[in-house]
Amino acid sequence: MTIKNTITDSTVDSTVNSIIKSKAAVFVFAVFAVAAVTAGCVVLDGIDLSGQSGQTGQTGQTGQVSYPGIGTIAGGIEINAVTTADYSKADIAEATADGDTVFITLSGNSASVEGEGSGSVTVSGVSILIGSGGTYSVSGTLTGGQIVVDADSSEKVRIILNGADITCPNSAAIYVKNADKTIITLAEGTVNRLADGSSYSFADGDDEPSATLFAKDDLTINGKGSLIVTGNYNNGIQSKNDLVFTGGTVTVTAVNDGLKGKDSVCVKDADITVNAGGDGIVSTNDSEESKGYIIIDGGSVTVTSAGDAIQAKTDLTVNGGTVSIVSGGGSSAASSASVRQENFRFTNAPSVASTASAASSTASSAPSSVSSPASSDDGDSTKGLKAGSTISITGGSITIDSKDDAVHSDQNLVIRGGTMSISAGDDGLHADTYLEIDGGNINIAKSYEGIESTEIVINGGDISVTAGDDGINAADGTSSGFGGGFMTAGRCNLTVSGGNLYINANGDGLDANGNMAMTGGSVIVDGPISSGNGAIDYDGTFSVSGGTLVAVGSVGMAMTPGTSSAQNSVRIALDSVQSAGTSISIRSESGTEVITHSPSKVYQSVVVSSPLLKSSETYVIYLGGTEYGRFTVSDTVTSVGGMNGGNRGNLMTGMTGGNMMTGGNGGRVNGNNGNMIPPDMQGMPEMQDSNQNMPMPPDMDTNMNMNINPGMNPGMNAGMYQGMSPNRNFNRNMI
């Protein structure tokens, strides 16, 4: 029935350097912004990417091996997953009436049987028993009765529903007690109906059947007709082995699960609509290694569910077809009452509305905030696609509107193709262990965090992410220190080697609790407007050796690629907050364009890495088409203007360029090493004690160190980082 794929790779794992960082400190010098936006426009190397899907990036070459099956796996991870269904001839062949067919005609509360082999059918009142293998054609209406299949375990039973309408008030309408496999063919041009009652009558100690159409063995549905199933008691269609759809139009409404196959559910070519009070489509076998999977190869699957839409106990694969999902009432039903405890954020920080009224008067397109996991209200899971082991997506068109995560794997998620449109109350794409994107077109229009996993590898695809918090978050949930999420045990890395990636995030744009690496592709980040987050945020190292990176946002927590990178970068801290839609362009003195980007939100910090930034060459910065200044690439990371005084580098472990507050390498745009304090803080009185004068979030005690991190001294102001002078009596004992 299936092929089991094993994928491995020998990529060397990179070292994770976990460093404590405090975002609280940025409130001393933060420039906050609220605002303004129009649609972003990005030009890379003269190619306009706005409104275009772009070209799929190339698969990374270094340290990776490509295998057939799930994907190109990095980090030494081995993935075993069932991703291919082998449909038998019996699954695909549509039964037709012939000389050996037994005809069962239903008539109210009775039935008649005709044809050779009719002796294998027993009619007792409204109960019809099929006792052996063969082909049976059923037509007419049965009120208050049921069809039971009880054949030999080696026999296949074929039932043609030819305009059948069966209602059983106290049990399943069709109950397969025993057979090798039962194949139900929906006759072309017919409408067939099955329904049960709201309560069942069971023999002592029995709890089956538990669905309107229930089979203890393999069950296949095919044909060109339609089937309408109403499950008033529990589930709609259920098999305790494999449940297969290779044709027909099937509509299921159930008070609990819509479709349930213990060993598997496979869809080849059928039009399926499910409305479920529980889960939409589910497989449950976790006791056998190669069971408990769901595969969608084609057809159309539409699911509206109160719980998870499609849930596989082990593996879930979409190779083709059209999948449309609304789970838990959709993303609009997600609660915003609580905050993720494992990833605390400042949600009430002051904004630029009080300091930049001109910017705040412009309309904003910052993503709406989704501040908590959707399932936190009642503990029920309301995910779109969910698997206990591996989710593999190689094709198809997938639309998901979920209260919880749109796509969630307890282990691995690999995407190699297909088109995905996602609105999620929690994460857009989530995998606990490993997440890889090699291709496809992915649009995450709404999410709490866009893409999240311990290890994230992006080798290709066209990806757009809108997030109320982090756009991409490499984290494993094992954190300690201030606020959580800033120290981590294990590997939490982000690698980009290809593809086109756009991120619009209220929180961090790219966030790794370990290391980042970029070797190719293009990454555009419209980052936070609050200085409590950054367009780029990492705890270890960030190495760039290829591709184009543009990251804009607030200045307070702005980070750059590391100085050990093979490719040059520039970090530009502008004199003032720029309105949304104000283009930023970098060109060589001869006019060659490096990048042009029109951010969708207000911004003051711009970080660019490009192979077109050549050492010792001079470049011109344009804002809104007007020359802003010039700079010469003087180092791997060149700092221009602003408050950084140089490259922040490897998360505050050292500062190049000197005193953070009094100037440093680069200074103002034209090389002036003057005062580097942000423009809106000029004239601010010296702080004798930062705890007395530092602007605090409304929900924080003024003696913030004692309430945030027990490892921090109450004074907060002595030696914040090695290499920083005690300017403004701010920086002692921060770490």
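If you're wondering where the values come from, they're calculated on a predicted model, not measured in any experiment.

Cut-offs and rules
- Here the residue index of a chain counts from 1 through its sequence in written order.
- For a predicted model such as this one, the threshold for reporting local features is a pLDDT of at least 70, and the threshold for listing and counting side-chain atom pairs is 80 or more; totals across whole chains, interfaces and linings nevertheless cover every residue.
- Side-chain metrics rest on all non-hydrogen atoms present in the structure, leaving aside hydrogens and water.
- Here a strand is any run of E in DSSP of at least two residues, a helix any run of H or I of at least four, and the numbering for each starts at the N terminus.
- Here the term buried applies to any residue with accessible area under 20% of the maximum for its type, exposed to any over 50%, and partly exposed to those in between, with areas from a 1.4 Å probe on protein chains only.
- Residue contacts are counted whenever heavy atoms from the two residues lie within 4.5 Å of one another.
- With residues, only the protein chains shown are counted as cover, and all accessible areas are computed by Shrake-Rupley using a 1.4 Å probe.
- Centre distance within 6.5 Å is the pairing criterion for rings of Phe, Tyr and Trp, where only the six-membered ring of Trp is used; planes under 30 degrees apart are then read as stacked, over 60 as edge-to-face, and the remainder as tilted.
- Each nonpolar core is a collection of buried residues, namely Ala, Val, Leu, Ile, Met, Phe, Trp, Tyr and Cys, held together in the definition by side-chain atoms within 4.5 Å.
- Salt bridges are defined by distance alone: a side-chain nitrogen of Lys or Arg within 4 Å of a carboxyl oxygen of Asp or Glu.
- A 3.5 Å cut-off defines polar contacts: any pair of N or O atoms within that distance qualifies, except that in protein one atom must be a possible hydrogen donor and the other a possible acceptor, and neighbouring residues in sequence count only when both atoms are side-chain atoms.
- Strand pairing follows a simple DSSP-based rule, namely that at least 2 bridges must link the two strands.
- A score from 0 to 100, pLDDT tells how confident the predictor is in each residue.

S.K.: Just to check I follow, could you spell out the overall build of the chain for this structure?
M.R.: A tally of regular secondary structure across the chain gives four helices and 57 strands. The buried share of the chain, reckoned over its 735 residues, is 58%. Residue pairs at least 24 apart in sequence account for 59% of intrachain contacts in the chain once pairs closer than 6 positions are excluded. Accessible surface for the chain amounts to roughly 25,100 Å². Of this, 45% is attributable to carbon and sulfur atoms.

S.K.: Sorry if this is basic, but what is going on with unusual backbone geometry here?
M.R.: Negative phi is the rule for most residues except glycine; trans is the rule for most peptide bonds. That bond from Glu208 to Pro209 is cis: its omega, 5°, falls within 30 degrees of zero. Notably, Ser616 is not glycine yet its phi reads approximately 70°, a positive angle. Note on placement: Ser616 falls in the loop between β54 (603–609) and β55 (618–623).

S.K.: Please explain the packing of aromatic side chains as it appears in this structure.
M.R.: Between two aromatic rings, the relevant description is the distance of the centres plus the angle of the planes. Applying the stated criterion across every chain, the model contains six aromatic pairs. Ring geometry for Tyr200 versus Tyr233: centroids 4.0 Å apart, planes at 20°, classification stacked. Here Tyr233 lies in the loop between β17 (226–231) and β18 (235–239) and Tyr200 lies in the loop between β14 (191–196) and β15 (211–215), a separation of 33 residues in the sequence. Aromatic ring contacts, followed pair by pair, group Tyr200, Phe202 and Tyr233 into a single cluster.

S.K.: Just checking my understanding: could you explain the nonpolar core for this structure?
M.R.: A general trend in soluble globular proteins is that nonpolar side chains are found buried together. Counting 101 residues, the largest nonpolar core has Ile237, Phe245, Ile310, Val407, Leu429 and Ile451 as the members making the most contacts within it. For this core, the element with the highest residue contribution is strand β11 (residues 156–168), accounting for five residues. Sequence-distant contacts of Ile237, defined by excluding residues within four places in its chain, comprise Ala211, Leu213, Leu219, Ile221, Val229, Leu243, Phe245, Val250, Val252, Gly258, Leu259 and Lys260. Val552, Val570, Val608 and Leu613 belong to the second largest nonpolar core, which has 20 residues in total.

S.K.: When you look at the pattern of salt bridges in this model, what are you seeing that I'm missing?
M.R.: Here the idea is simple: oppositely charged side chains can pair when their charged atoms come close. One pass over the full model with this rule turns up 12 salt bridges. Between Lys386 and Asp308 there is a salt bridge; the shortest N-O distance is 3.3 Å. Here Asp308 lies in the loop between β26 (300–305) and β27 (310–312) and Lys386 lies in strand β30 (residues 385–387), a separation of 78 residues in the sequence. Neither residue differs from the other here; Lys386 and Asp308 are each classed as buried.

S.K.: Teacher, can you tell me more about the side chain of Thr390 here?
M.R.: Here Thr390 lies in strand β31 (residues 390–393). Within the structure, the side chain of Thr390 is placed 3.3 Å from the side chain of Asn412, a separation counted as a polar contact.

S.K.: Could you clarify how one ought to interpret the pairing of strand β7 (residues 121–124) in this entry?
M.R.: Here is the key point about a regular strand: its side chains alternate between the two faces of the sheet. The pairing of β7 with strand β8 (residues 127–130) spans four bridges and is antiparallel. Opposite Val121, over in β8, you have Ile130 as the bridge partner. Hairpin connection of β7 to β8: two residues between the antiparallel strands, including Gly125 at a positive phi of 65°.

S.K.: Even after reading the chapter, I still don't get the pairing of β11, so can you show me in this structure?
M.R.: Sheet topology places strand β9 (residues 134–143) next to β11; nine bridges connect them, and they run parallel. Bridged to Val138 within β11 is Leu161. Here six bridges tie β11 to strand β13 (residues 181–186), and the two strands are oriented parallel to one another. Across the sheet, residue Arg158 finds its bridge partner in β13, namely Ile183. The sheet contact formed by β11 and β14 spans four bridges and is parallel. Across the sheet, the residue bridging to Thr167 is Ala195, located in β14.

S.K.: Whenever I open this one, the side chain of Thr618 confuses me. Can you help?
M.R.: Position of Thr618 among the secondary structure elements: in strand β55. Among the polar contacts made by the side chain of Thr618, one reaches the side chain of Thr632 at a distance of 2.9 Å. In this structure Thr618 touches Ser588, Glu589, Arg630, Phe631 and Thr632, once residues within four positions along its chain are discounted.

S.K.: Even after reading the chapter, I still don't get the environment of Ala111, so can you show me in this structure?
M.R.: Structurally, Ala111 can be placed in strand β6 (residues 110–114). A sequence separation of 30 residues divides Ala111 from Thr141, and the C-alpha atoms of the two residues are 9.1 Å apart. Not counting residues up to four positions away in its chain, the partners in contact with Ala111 are Thr105, Leu106, Val123 and Ile128.

S.K.: Looking at this structure, I do not really get the environment of Gly556. What am I missing?
M.R.: As for its position among the elements, Gly556 is in the loop between β50 (548–553) and β51 (569–578). When the C-alpha atoms of Gly556 and Gly534 are compared, they prove to be 7.3 Å apart, with 22 residues separating the residues in sequence.

S.K.: Looking at this structure, I do not really get the environment of Glu188. What am I missing?
M.R.: Here Glu188 shows up in the loop between β13 and β14. Along the chain, Glu188 and Ser226 lie 38 residues apart, while their C-alpha atoms are 8.0 Å from each other.

S.K.: Looking at this model, I keep getting lost on the confidence of the model for the chain. Mind explaining?
M.R.: Detailed reading of the predicted coordinates is not advisable wherever pLDDT is low. Averaged over all residues, the pLDDT of the chain is 77; the fraction at 70 or higher stands at 69%. In the model, residues 337–364 has pLDDT below 50 throughout and makes 74 contacts with residues more than four positions away in sequence or in other chains.

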